[in-house]
Amino acid sequence: MKRTPQDCPSRLPENTAVKQQQLPACRLQLSATGILSGFFATGVFCLGMGVILILSAKSSMEIEINYTKICASCAKLRENARNFDKECTCSIPFHLTQTMRVLAHSYLSKACTGHPMSCYNLSAHPPCTPDPGDLLEFQFFHGTYHLLMYYGNVYMYYKLYGFYQNLHGYLLSRSNSQLLGTDVKDVETCAPFSKSHDGTPIAPCGAIANSLFNDTIILSYKLNSSVHIQVPMLRSGITWWTDKYIKFRNPSSSNLSSAFAGTTKPPSWPKPVYELDENDPGNNGFLNDDFIVWMRTAAFPTFKKLYRRLSRTQHFIEGLPAGNYSFNVSYNFPVTRFQGEKSVVLSTLTWSGGHSLFLGLAYTVTGAMTWLAAFSMMAVHLKLKGKRFSPDDKVKL
């Protein structure tokens, strides 16, 4: 019995707008006016952002002092690994011609101190907020208002030249399970710094941890001809939040030294990891801020890492006042063996970052190139606008 066409299933798609490709569509019709307008608008935006970013970067302050040659005697001492237990310090004096500070933002609020109308400083009349700054009081028709100006922090960095943290073997020489506090004896991926000569696991293991930057830098301020005071610096709050609270954890134990029992310190360390900061349990062990900052490797051989931030108290509420200072460096980190250098940097930050002009210049160059392309296309368009092409010319085009 032969099948009729009605009995066979049809291969034709259903008669719907989707399957018959009959959905409404918008075809973009590009015109010369629209394209040129888009190029010019993009150029204006990039040039404007470039100028704003450059001005913002210029408003920050930065001072860098290279102490490799200044501390040449200490550098020569550290070239010999046998002198690792010998202390060597050097002092680096410098002068600030103006107060190092940056205005972070200002805030106008209803008066809350009850003082008569005048100009105050927060050290004498603290307002409703603990952040330091300058407090200006204004009398309006319906009450008294305070204009509070907040000053941004001053940061201290150490900067290394010619130190390659981006080498493949260097990057892989670490144990994430150890740094998470899961297993302090897991050193399988830490070669060549996995175990000591007697086979004891190293904690923290790996080349990154072993090469920890260990110079001690203290900033002193010359208050007068006979009095030098140490500038208060904070060693906490210098890490990424994700690093401090997610990627690095100490082993679960009430006694940190017992948690690291059965392990030994890295060869280049003067003391074990559980003695990095015995005064602050939240900054000891794998949670030490200096250790966490170092473990976030840099992409280029010249880099700087955050070391300290200014504690704005006493004479330093508004930043670092102008005057004479000195860096007292305990020189421990050798750099001359690989023809490297190291510096200490003091810097302020703005809303756009530090003193680098790269981002502003990148926007400016992009805007200039966009405008150049727009003017070139506009010239070609105006030149060809009045011409009429024959069919043969259109075929050639």
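Residues numbered from 1 in each chain as written. Predicted model: local features only at pLDDT ≥ 70, side-chain atom pairs only at ≥ 80, totals over all residues. Heavy atoms only, no water.

### Here we look at the nonpolar core
And then number 1: Counting 63 residues, the largest nonpolar core has W294, L320 and F327 as its most contacted members.
And then number 2: Of all the elements, strand β7 (residues 154–161) adds the most residues to this core, at six residues.
And then number 3: With residues up to four places along the chain from it excluded, the contact list for W294 reads Y158, L160, F163, Q165, Y170, I208, S211, L212, F213, F303, K305 and F333. (Core = buried A, V, L, I, M, F, W, Y, C linked by side-chain atoms within 4.5 Å. Buried < 20%, exposed > 50% of the residue type's maximum accessible area, 1.4 Å probe, protein only. Helix = DSSP H or I, 4+ residues; strand = E, 2+ residues; numbered from the N terminus. Contact = heavy atoms within 4.5 Å.)

### Description of the layout of surface pockets
And then number 1: What the largest pocket holds in volume is close to 1300 Å³.
And then number 2: Along the walls of the largest pocket sit 43 residues, with L212, N214, S268, P270 and N332 positioned nearest its centre.
And then number 3: When residues of the lining of the largest pocket are traced back to their parent elements, those giving at least two are α5 (207–210) and β11 (303–310).
And then number 4: Per element, the largest residue contribution to the lining of the largest pocket is three residues, and it comes from β11.
And then number 5: In terms of residue class, the lining of the largest pocket is built from 18 nonpolar, 11 polar and 14 charged.
And then number 6: The calculated volume of the second largest pocket comes to roughly 510 Å³.
And then number 7: Around the second largest pocket, the lining is made up of 19 residues, and of these Y157, W240, K304, K305 and L306 lie nearest the centre.
And then number 8: Every element with two or more residues in the lining of the second largest pocket is listed here: α8 (289–295) and β11.
And then number 9: Looking at which element gives the most residues to the lining of the second largest pocket, the answer is β11, with four residues. (1 Å grid on protein atoms, 1.4 Å probe; cavity = no way out; pocket = protein on both sides within 12 Å on 5 of 7 lines; lining within 4 Å. Points joined across faces, edges and corners; volume = space filled by probe spheres on them. Nonpolar A, V, L, I, M, F, W, Y, C, P; charged D, E, K, R; others polar.)

### Topic: the sheet that holds strand β12 (residues 323–330)
Two strands in a sheet stick together by hydrogen bonds in their backbones, pointing the same way (parallel) or opposite ways (antiparallel).
And then number 1: Spatial strand order, β2-β12-β8-β9: four strands in an open sheet with antiparallel pairing. This sheet does not close on itself; its edge strands, each paired only once, are β2 (89–96) and β9 (228–230). Mean inter-strand twist for the sheet, computed between neighbouring axes without regard to direction, equals 30°.
And then number 2: By the bridge criterion, six bridges tie strand β8 (residues 216–222) to β12 in an arrangement that is antiparallel. Opposite Y221, over in β12, you have Y325 as the bridge partner. (Pairing = 2+ DSSP bridges. Axes fitted to C-alpha atoms, helices over the stretch in contact; angles between N-to-C directions.)

### Description of the UniProt feature "transmembrane region" (unreviewed entry) in the protein chain
And then number 1: Using the residue numbers shown here, the UniProt feature "transmembrane region" (unreviewed entry) corresponds to residues 30–55 and 357–380.
And then number 2: Note that residues 357–380 is 96% helix and 0% strand, and that its end C-alpha atoms are spaced 35 Å apart. (UniProt positions renumbered as here; feature names shortened; annotations may be inferred.)

### Brief notes about the packing of helix α1 (residues 32–59) against helix α9 (residues 358–385)
And then number 1: Two elements in contact, α1 and α9, have axes whose closest approach is 7 Å; the angle formed by their N-to-C orientations is 155°. When the axis of α1 is compared with that of α9, the two are roughly antiparallel. The two elements α1 and α9 meet at a crossing, and its hand is left-handed.
And then number 2: Partitioned by chemical class, the residues of the contact of α1 with α9 number 23 nonpolar, nine polar and no charged. (Parallel < 35°, antiparallel > 145°, perpendicular 65-115°, else oblique. Left-handed = near helix turned anticlockwise from the far one by under 90°.)

### Some points on the sheet that holds β7
And then number 1: Taken together, five strands build an open sheet; the order of strands is β1-β13-β7-β11-β10 and the sheet is antiparallel. Looking at which strands have only one partner, the edges of the open sheet turn out to be β1 (62–66) and β10 (233–234).

### Comments concerning the pattern of salt bridges
And then number 1: One pass over the full model with this rule turns up nine salt bridges.
And then number 2: Taking the shortest distance from any N to any O, the salt bridge between K159 and E64 comes out at 3.5 Å. Of the two residues, K159 is situated in strand β7 and E64 in strand β1; the sequence distance between them amounts to 95 residues.
And then number 3: Judged by relative accessible area, which is 32%, E64 ranks as partly exposed.
And then number 4: Taking the shortest distance from any N to any O, the salt bridge between D290 and R235 comes out at 3.7 Å. Of the two residues, D290 is situated in helix α8 and R235 in the loop between β10 and α6 (241–247); the sequence distance between them amounts to 55 residues.
And then number 5: Taken together, the shared-partner salt bridges connect R235, D277, D290 and R308 into one network. (Salt bridge = Lys/Arg side-chain N within 4 Å of Asp/Glu carboxyl O.)

### Some words on the environment of R337
And then number 1: Looking at the secondary structure, you find R337 in the loop between β12 and β13 (341–348).
And then number 2: If we ignore the near neighbours within four places in the chain, the residues touching R337 are R78 and E79.

### Overview of a nonpolar patch on the surface
And then number 1: A grouping of L28, L30, I35, F39 and M377 is seen on the molecular surface, where their side chains present a nonpolar patch of about 470 Å² in accessible area.
And then number 2: Position of I35 relative to the elements: it lies in helix α1. (Patch = residues over 30% accessible without salt bridge, like charges linked within 9 Å, V, L, I, M, F, W, Y side chains within 5 Å. Areas by Shrake-Rupley, 256 points an atom, 1.4 Å probe, with all protein chains shown as cover.)

### A short note on the environment of Q178
And then number 1: You can see Q178 is positioned in helix α4 (residues 176–179).
And then number 2: Its relative accessible area of 0% is what places Q178 among the buried residues.
And then number 3: It is 8.7 Å that separates the C-alpha atoms of Q178 and P251, two residues lying 73 residues apart in sequence.
And then number 4: Excluding its chain neighbours within four sequence positions, the residues that come into contact with Q178 are D183, V184, D186, V187, I202, A203, P204, C205 and F286.

### Some thoughts on the state of the cysteines
And then number 1: As enumerated under the stated definition, the model contains three disulfides in all.
And then number 2: Two residues share a disulfide in this structure: C74 and C88, whose sulfurs sit 1.9 Å from each other. On the S-S bond that ties C74 to C88, the torsion sits near -80°, and the link is left-handed. Remark: C88 occurs in the loop between α2 (72–78) and β2 and C74 occurs in helix α2; sequence separation between them is 14 residues. (Disulfide = S-S within 2.5 Å.)

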